Amino acid sequence: MKFRNYQRTEATGFGKLLENKWYVDELYDKIIVNPLHQFGGFLKSVIEKSVIDGLVNGVGKAVTYGSRQLRLLQSGQAGSYVLLMVLGMLLVFVVQFFLRK
Amino acid sequence: MIPVLLILLPLLTGLVTFFIKDEKTARSWALLASVATLAVSLLGLTVMNDDTHLSHKAQWLQTIGSSFSVKVDGMGQLLCLLTAISFPLIFVSTWHSQYKKANNFFALMLLGQAGLMGVFVAMDALLFYFFWELALIPMYFLASQWGGERRIKATFKFFIYTFVGSVLMLVGILYLQSQTPDHSFSLQSFYNLGLPVRTQSWVFWLFFVAFAVKMPVWPFHTWQPDAYEQSPTATTMVLSGIMVKMGLLGVIRWLLPVLPFASWQNGDTVMTMAVIGIVYASLIAIRSDDIKRLIAYSSIAHIGLMCMALFAENKSGMQGVMIQMFNHGINIIGLWIMVEVIERQYGTRKLSELGGLAQKAPVMAIFFVIVALANIALPLTNAFAGEFLMFNSLLSAKTSYLYAILFTVFAGMGIILAAVYTLNMIRKIFFGELTTVTANAQDIKLNEKLAMGVIVILIFWFGVYPQGLLNITDELSQVLVNKMDISHLLRKQ
């Protein structure tokens, strides 16, 4: 028995392929695990947080913003109220005109 | 008699709890009350399981065509039993959790239970809506007063989201009532409606959005991970174990048989949404570091599968969903109990900060692994039978053959992904090196062992012998499938 038999040497060629189990694990990692992980991360941080949740929160924000703007209509000036009233009446007439069957 | 008691017992004991100032007494009182409710539920399942005991009708708002009509049918039996089992388990397992103003906490929990029971047994649309809201309100207060740091924002979103849904449903209910010949809210009149196809398709969405938010189905789900994360865990157990079943029950009892044309018409759309949700939520669960969020997303995936099976519109799907509602509730409460223990003991829910717990807490590891495997629906665990029936139903779904195959394949991916994130979670919590957080860990206490023991017994019992659950739901699912069958309706016209 020679000492060399017990020495750990790096296999080469086909031996290396076998030693690494045909690289099946690495292949799985490359083509399935990592892409799925990345895709999951993308869904979590972009789609979920910005798109879907952003849409939901956006509805809330739009309502708050809209009500803040509408509040300005309550100016206390009778003139502007009369103007709005006339405009509203006109709108009703227009709508009625077009909706008549 | 039985359904009235199921509602009244938690309602009255809950109201009394508000006035019990001593924390220990309030706790014991709530546990006693919930055990009494469980006894009533078991009584209804075994000794007094005939129609005279299981249904009750009394006058209520007669002028507008509503009545206090309650009945425990097959699905009601399972869901009432689930609700009745859950509350004692929740109270026992969180025995050592501290709450400020504990009496209010337990009172609201019991009121929530009353609301849930009401939803499950109501046979009148207005009554159903009434209990639907009654269940929501205590949950709102529970989450917003005893929750985590971001609780106000999360519960506000939860409340507005579900409330928008339920108001749409109210519009739908009022419309349907106006269409009934006798102007009645009763379920039977709704079943006999037979609306024209075009009307059905828009009324469908009024109801479906309400139920989709509650279940939740993608993309109506974003309230859910936040609400689960921020609520106190005892409340999360109610939300995820029982409350999401309200949405499924709504679809089964109030949507599919009432609007069969529209349900068939929109089935593909709904199933597509649900299957996207399954894959989507599972992938996010894989990347979640917070255990609570992981379980929340896992729950979205499971509910997505149930929603798909419902719209497959056949008996095996219907029955699979009914028993799965029960089993999913048991399993997820088991998971939450473990999360509660972990959070209370180690002060963190982050997977990255945990590790090696199996060395320090072997009993906990055993329980956790069993519940987690049930979460993946391994054979011999309770979730297997239901999941098998649901996949069976997907393959024979009333869509084109290609769709059925595609749906089954993608939903099947959900199982694989579930195994990935669940086993990953087990590995990260229980194996590997001990961390600074887990270095001085202790095993679970007697009360937690007791609650988990009951859950594990149920897991194996219904895993080995699901026939009991199937027998309860057999008749009802056949009746419902007949009502949904539109070819039979076409022949009649």
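Heads up: these notes are all about the structure in this document. (Residues numbered from 1 in each chain as written. Chains lettered and ligands numbered in written order. Predicted model: local features only at pLDDT ≥ 70, side-chain atom pairs only at ≥ 80, totals over all residues. Heavy atoms only, no water.)

**Things to note about the environment of B:L195**
Residue and element names in this part refer to chain B. The following threshold applies: By definition, any uninterrupted DSSP run of H or I lasting at least four residues is a helix, any uninterrupted run of E lasting at least two residues is a strand, and each is numbered from the N terminus. Here's how the labels work: a residue is buried when its accessible area is under 20% of the maximum for its type, exposed when over 50%, partly exposed in between, all with a 1.4 Å probe on protein chains only. Whether two residues touch is decided by their heavy atoms; if any such pair falls within 4.5 Å, the residues are in contact.
Among the secondary structure elements, L195 is positioned in the loop between α8 (187-191) and α9 (197-214). Of the residues examined, L195 reaches a relative accessible area of 6% and is grouped as buried. Sequence separation between L195 and F261 is 66 residues, and the spatial gap between their C-alpha atoms is 8.8 Å. Look past the residues within four positions of L195 in its chain and what remains in contact with it is Y175, L176, Q179, Q200, L259 and F261.

**Overview of the side chain of B:D73**
Residue and element names in this part refer to chain B. Relative to the assigned elements, D73 resides in the loop between β2 (67-71) and α4 (74-93). Owing to a relative accessible area of 12%, D73 belongs among the buried residues under this scheme. Apart from residues no more than four positions distant in its own chain, D73 is found in contact with M123, R253 and L476.

**Observations regarding the interface of chain B and chain A**
A common way to report how large an interface is uses the accessible area buried once the components associate. Applied cut-off: By definition here, a salt bridge exists when the distance from a side-chain nitrogen of Lys or Arg to a carboxyl oxygen of Asp or Glu is within 4 Å. Two N or O atoms count as a polar contact when they lie within 3.5 Å, although within protein this holds only if one can serve as hydrogen donor and the other as acceptor, and sequence-adjacent residues are included solely when both atoms are side-chain atoms. Residues are grouped as follows: nonpolar covers Ala, Val, Leu, Ile, Met, Phe, Trp, Tyr, Cys and Pro; charged covers Asp, Glu, Lys and Arg; every other residue, Gly included, is treated as polar.
Counting residues at the interface gives 16 residues for chain B and 14 residues for chain A. Ionic pairing is found between A:D53 and B:K157, a salt bridge with its closest N-O pair at 2.5 Å. The interface formed by chain B and chain A contains 7 residue pairs in polar contact (both at pLDDT 80 or more). Elements with a contribution of two residues or more to the side of chain B that touches chain A: α7 (151-179), α10 (223-230) and α13 (267-286) of chain B. Broken down by element, the residue count for the side of chain B that touches chain A peaks at 4 residues, all from α13(B). Looking at side-chain class alone, the side of chain B that touches chain A contains 10 nonpolar, 3 polar and 3 charged residues.

**Re the nonpolar core**
Within soluble globular proteins, side chains that are nonpolar generally end up buried alongside one another. Applicable threshold: For our purposes a nonpolar core is just a set of buried Ala, Val, Leu, Ile, Met, Phe, Trp, Tyr and Cys residues, chained together by side-chain atoms within 4.5 Å.
Ranked by internal contacts, the top residues of the largest apolar core, which has 185 residues, are B:F211, B:F311, B:M364, B:F368 and B:I429. Take this core: its biggest share by element is 17 residues, from helix α15 (residues 315-346) of chain B.

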